[in-house]
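# Topology and contacts: notes
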Protein chains: 2
Amino acid sequence: MAIGEFELIDRYFRALGIARPDVALGVGDDAAVLELPAGARLVAAVDTLVEDMHFPRGCDPRSVGHRALAVNLSDLAAMGARPAWCLLALTLPHADPSLLAAFADGLGALARRHGVALVGGDTTRGPFTVTLTALGVLEGAEVLRRSGARPGDLVFVSGTPGDAACGLAICQGRVAAVPPDDARALRERFLYPSPRVELGLALRDLATACIDVSDGLAGDLHKLAEASACAVEIDVEDLPVSDALAAVVGLVRARELALAGGDDYELAFTAPADRADALRDRAQSEGVAVRAIGRVTAGSGVVVRHAGTVIQVSPAGFDHFAG
Amino acid sequence: MAIGEFELIDRYFRALGIARPDVALGVGDDAAVLELPAGARLVAAVDTLVEDMHFPRGCDPRSVGHRALAVNLSDLAAMGARPAWCLLALTLPHADPSLLAAFADGLGALARRHGVALVGGDTTRGPFTVTLTALGVLEGAEVLRRSGARPGDLVFVSGTPGDAACGLAICQGRVAAVPPDDARALRERFLYPSPRVELGLALRDLATACIDVSDGLAGDLHKLAEASACAVEIDVEDLPVSDALAAVVGLVRARELALAGGDDYELAFTAPADRADALRDRAQSEGVAVRAIGRVTAGSGVVVRHAGTVIQVSPAGFDHFAG
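In this text the structure is predicted, and so the values were computed from the model without any measurement.

Within chain A, the secondary structure is distributed over ten helices and 15 strands. The globule rule puts the C-alpha radius of gyration for 323 residues at 20 Å, and the 20 Å found for chain A is close to it. Viewed in the frame of its principal axes, chain A has a C-alpha envelope of about 60 × 50 × 30 Å. Each of the 323 residues in chain A was classed as buried or not, and the buried ones make up 61%. Considering only contacts within chain A whose residues lie at least 6 apart along the sequence, 84% involve residues at least 24 apart. As displayed, chain A has an accessible area near 11800 Å², and 48% of this comes from carbon and sulfur atoms. Computed over 29 positive and 42 negative side-chain charges, the separation of the two mean positions in chain A equals 1 Å.

Below, the structure is given as structure tokens:
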């Protein structure tokens, strides 16, 4: 790196996020030393963003920094864990100061919002790639797994999936002539997703299973169904679709994107019907809308209905949509 | 990935390393859930290996898997921590089954040797890059920092630094016509470094400061000196140099490589002189040689002496060697 690895770390990453009293030793030694609360368990997730695969070349580095942490906080949220620390492995072709400043700014703002301290990392030269490890704390016995759904449970999703996929298409110039306000709102949903950390914490004693929606709602529900050895049946007409998304691509395409778009970082979860009101209340108090979109049944896989007809959805997304 | 991310994880990475009872939830959910012993602290390190930067193109993927874990275990060793878990972020241009099998084999063998379980990860498509996060456990109050060296302490190093740098040069065909047995031994030291985990654990109540030697002994001692606000003085004639290295490059160049070569993954540490015998005994019982190479003094930086004359070493390595 042109400015030197140590100067780079000092300038951009040494005090990133918040200062936490449980960091016995942070950035600057061979490894970080961290103190968990007595009786708490550690929750750990890692995700990589590769330029051209997970974000377009020329994407605002502030967004890349934000998303590198957001996608991992979303994984912790899906376990009902409270985020605490992160480690950053950043690979760059060269140490571009304005890129680094914006990247650190995006990562740091989200870290502060969720009480996370950056405690370690590595900077290397190579193609622009970001790998972030997020560490969180799980207090008490509850943990939200993918595997707890039972026949009869309702299926819920937070927020309005599909927005981010459309936002990415707008960023890439693949969707033209959209209302500017809607375009801006959808782009933001791709560039600055809000990991549902508080919702995950609120769900711990209510949900029976939970997964974060990162690869498309239908595909992620398929994983939840498989882990739970159940089937999930959802109705296209119950999918929450944002006004902006419907305005830009129309309702049919909006529902396709809600089911298979990806990059949403919402939570999909299951719970017995008699907890639905409590769930909605808690989600509302966390500022997130949740919607019941179907139910868990005996069987396997994901069944998607539209106007009473079963339509085909593969784990990878849509094969066909009979809208 | 051609064979699909989930099949890839199932086939190569689901049961990698050892099965640990403290893994409440491993590979297969949104994040891993891990149980620390009561009162223990968590130690976390991350390092990235980029093709062409940290290993040559065409390098045996078994070695890449080994080194990805080894470089991180070396960081944990330098803290006196016991390795427990790891997370793997693997980026590959395409899912090559023979590469994946060899990579997983190299990583798995070292993980089993040190009692490590792979508990999570991410696989993405892109230029061959490996980021591994190692998590370990620190029991008791002791932690080996870089910052504890005091004037009067002796300076020690384990093993024979310089071998790995020569091994890399042999792998790359930059050193020709070497005795085949020596060449093989030196190549192995680059391809399959032995992280000094047991030595790190043994040093916890003896050493005053410790760092892992990854960027070259002189440069890493400079970091230790800086963190400790002291100077380190070493004598070139005290450097441990392997017979193989001296045979291949001669004694003068061997000492240069021992001081500035890099990729050694040995430990450099300091301790009061009256603990030297105890240190050597413990190291010997762990099967590692340690050698006193100098002492800590008031001042700053690293002073290297040869036959009574001070020679110049910059933090980045050699500027000049008056051999």
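All names here are of chain A. Running from N to C, helix α4 (residues 163–171) and helix α5 (residues 180–191) cross one another at 105 degrees; their axes reach a closest spacing of 7 Å. On the basis of their axis angle, the class for α4 and α5 is roughly perpendicular. Residues D163, A164, C166, G167, L168, I170 and C171 of α4 form the contact with α5, whose own contacting residues are A183, L186, R187, R189, F190 and L191. The residue makeup of the contact of α4 with α5, split by class, is nine nonpolar, one polar and three charged.

This brings us to the interface of chain B and chain A. Across the boundary between the two partners, chain B contributes 51 residues, which contact 51 residues of chain A. Both faces combined, the contact of chain B with chain A buries some 3900 Å², and carbon together with sulfur accounts for 61% of it. Of all residues in chain B, the largest losses of buried area upon contact with chain A belong to B:D30, B:L42 and B:V46, amounting jointly to 16% of the total for that side. Measuring nitrogen to oxygen at the nearest pair gives 3.7 Å for the salt bridge that ties A:R146 to B:D29.

Right, let's get into the relation of the copies chain B and chain A. When chain B is brought onto chain A, the operation consists of a screw motion whose angular component is 180 degrees and whose axial shift is 0.0 Å, with 0.0 Å RMSD remaining. The two molecules are tied by a two-fold rotation axis, judged by turn and shift. Both copies present the same face, since 100% of the interface residues in chain B are matched by interface residues at the equivalent positions in chain A.

This part is about the environment of A:F128. All names here are of chain A. Locating F128 in the fold gives a position in the loop between β5 (117–125) and β6 (129–138). Under the relative-accessibility criterion, F128 is labelled buried at 7%. As for F128 and A104, which are separated by 24 residues in sequence, their C-alpha atoms are 14 Å apart. With sequence-adjacent residues up to four places away left out, F128 is seen in contact with L49, V50, E51, F55, V64, L90, T91, L92, P93 and L99.

This part takes up the packing of aromatic side chains. Tallied over the full model, the rule gives eight aromatic pairs over all chains. With centroids separated by 5.4 Å and ring planes inclined at 10 degrees, the aromatic side chains of A:F156 and A:F269 adopt a geometry described as stacked. Of this pair, A:F156 sits in strand β7 (residues 154–158) while A:F269 sits in strand β10 (residues 266–271), and the two are 113 residues apart along the sequence. With 6.3 Å between their ring centres and 80 degrees between their planes, B:F13 and B:F103 make a pair best called edge-to-face. Placement of the pair is B:F13 in helix α1 (residues 5–13) and B:F103 in helix α3 (residues 97–113), with a sequence separation of 90 residues. B:F103 carries the same exposure label as B:F13, and that label is buried. Through a chain of ring-to-ring contacts, three or more aromatic side chains come together here, namely A:Y12, A:F13 and A:F103.

This next bit is on the environment of A:D235. Residue and element names in this part refer to chain A. Relative to the assigned elements, D235 resides in strand β9 (residues 231–235). Classification of D235 as partly exposed rests on a relative accessible area of 21%. Along the sequence, D235 and T309 sit 74 residues apart, while their C-alpha atoms lie 9.5 Å from each other. What D235 contacts, discounting residues up to four positions off in sequence, is I293 and R305. Looking at D235, its side chain comes within polar contact range of the main-chain nitrogen of E237, at 2.9 Å.

What follows is about α1(B). Residues and elements named next belong to chain B. Turning to α1, its buried residues number three or more, namely L8, I9, Y12 and F13. The arc that holds the buried residues of α1, viewed along the axis, is 95 degrees, so those residues lie on one side. Check the buried side of α1 and you find it contacts β4 (82–92), α3 and β5 (117–125).

Residues and elements named next belong to chain B. Reading across from one edge, β8-β10-β7-β11-β9-β12-β13 is the order of the seven strands in this open sheet, with mixed pairing throughout. Since the sheet does not close on itself, it has two edges, and those belong to β8 (209–213) and β13 (309–311), each with one partner. Sheet twist, expressed as the average angle between the axes of neighbouring strands with direction ignored, equals 30 degrees. Two strands pair when backbone bridges link them, and strand β12 (residues 301–306) and β13 are joined in this way by three bridges, in the antiparallel orientation. By the bridge assignment, R305 is partnered in β13 with V310.

All names here are of chain A. Mean pLDDT over chain A works out to 92, with 95% of the residues at or above the 70 mark. Here residues 315–323 is a poorly scored stretch, pLDDT under 50, and it has 21 contacts once near neighbours within four places are set aside; other chains count. With pTM at 0.93, the complex prediction returns an ipTM value of 0.93.

A few words now on the sheet that holds strand β4 (residues 82–92) of chain A. Sheet strands associate in pairs through backbone hydrogen bonding, adopting either a parallel or an antiparallel arrangement. Taken in spatial order, the six strands make up an open sheet running β5(A)-β4(A)-β6(A)-β3(A)-β2(B)-β1(B), and their pairing is mixed. Looking along the sheet, the strands with just one partner apiece sit at the ends: β5 of chain A together with β1 (23–25) of chain B. Ignoring which end each strand starts from, the neighbouring axes of this sheet average 20 degrees apart. Here β4(A) pairs with β5(A) via eight bridges, running parallel. Looking across to β5(A), one finds that A:L87 is bridged to A:G120.

Turning our attention to the side chain of B:T297. Position of B:T297 relative to the elements: it lies in strand β11 (residues 290–297). Residues within four places of B:T297 in sequence aside, it is in contact with B:P151, B:C230, B:A231 and B:E233.

Tallied over the entire structure, the rule returns 38 salt bridges over all chains. Note that B:R146 and A:D30 form a salt bridge whose closest N and O atoms lie 3.2 Å from each other. Taken as a pair, B:R146 in the loop between β6 (129–138) and β7 (154–158) and A:D30 in the loop between β1 (23–25) and β2 (32–34) lie in two separate chains rather than in one. Just as B:R146 is buried, A:D30 falls in that class too.

Right, let's get into the pairing of strand β12 (residues 301–306) of chain A. As a general feature of sheets, a regular strand has side chains that alternate between the two faces. One ladder, built from five bridges, connects β9(A) with β12(A); its direction is parallel. Bridging across to β12(A), A:V232 finds its partner in A:V302.

Here we take up the state of the cysteines. One pass over the full model with this rule turns up zero disulfides over all chains. No disulfide involves A:C166; its sulfur sits 9.9 Å from the nearest other cysteine sulfur, which is in A:C171. Exposure remark for A:C166: the relative accessible area of 2% places this residue in the buried category. Between B:C171, a cysteine without a disulfide, and B:C59, which holds the nearest cysteine sulfur, the sulfur-to-sulfur distance is 6.2 Å.

Cut-off values and rules
Residues numbered from 1 in each chain as written. Chains lettered and ligands numbered in written order. Predicted model: local features only at pLDDT ≥ 70, side-chain atom pairs only at ≥ 80, totals over all residues. Heavy atoms only, no water. Helix = DSSP H or I, 4+ residues; strand = E, 2+ residues; numbered from the N terminus. Rg over C-alpha atoms; globule rule 2.2 N^0.38 Å. Buried < 20%, exposed > 50% of the residue type's maximum accessible area, 1.4 Å probe, protein only. Contact = heavy atoms within 4.5 Å. Areas by Shrake-Rupley, 256 points an atom, 1.4 Å probe, with all protein chains shown as cover. Lys, Arg positive; Asp, Glu negative; His and termini not counted. Charge placed at Lys NZ, Arg CZ, Asp CG, Glu CD. Axes fitted to C-alpha atoms, helices over the stretch in contact; angles between N-to-C directions. Parallel < 35°, antiparallel > 145°, perpendicular 65-115°, else oblique. Nonpolar A, V, L, I, M, F, W, Y, C, P; charged D, E, K, R; others polar. Buried area = accessible area lost by both parts, 1.4 Å probe. Salt bridge = Lys/Arg side-chain N within 4 Å of Asp/Glu carboxyl O. Least-squares fit on C-alpha atoms with pLDDT ≥ 70 in both. Phe/Tyr/Trp six-rings, centres within 6.5 Å; stacked < 30°, edge-to-face > 60°. Polar contact = N/O pair within 3.5 Å; in protein donor to acceptor, adjacent residues only side chain to side chain. Arc of directions from axis to C-beta. Pairing = 2+ DSSP bridges. pLDDT = per-residue confidence, 0-100. Disulfide = S-S within 2.5 Å.

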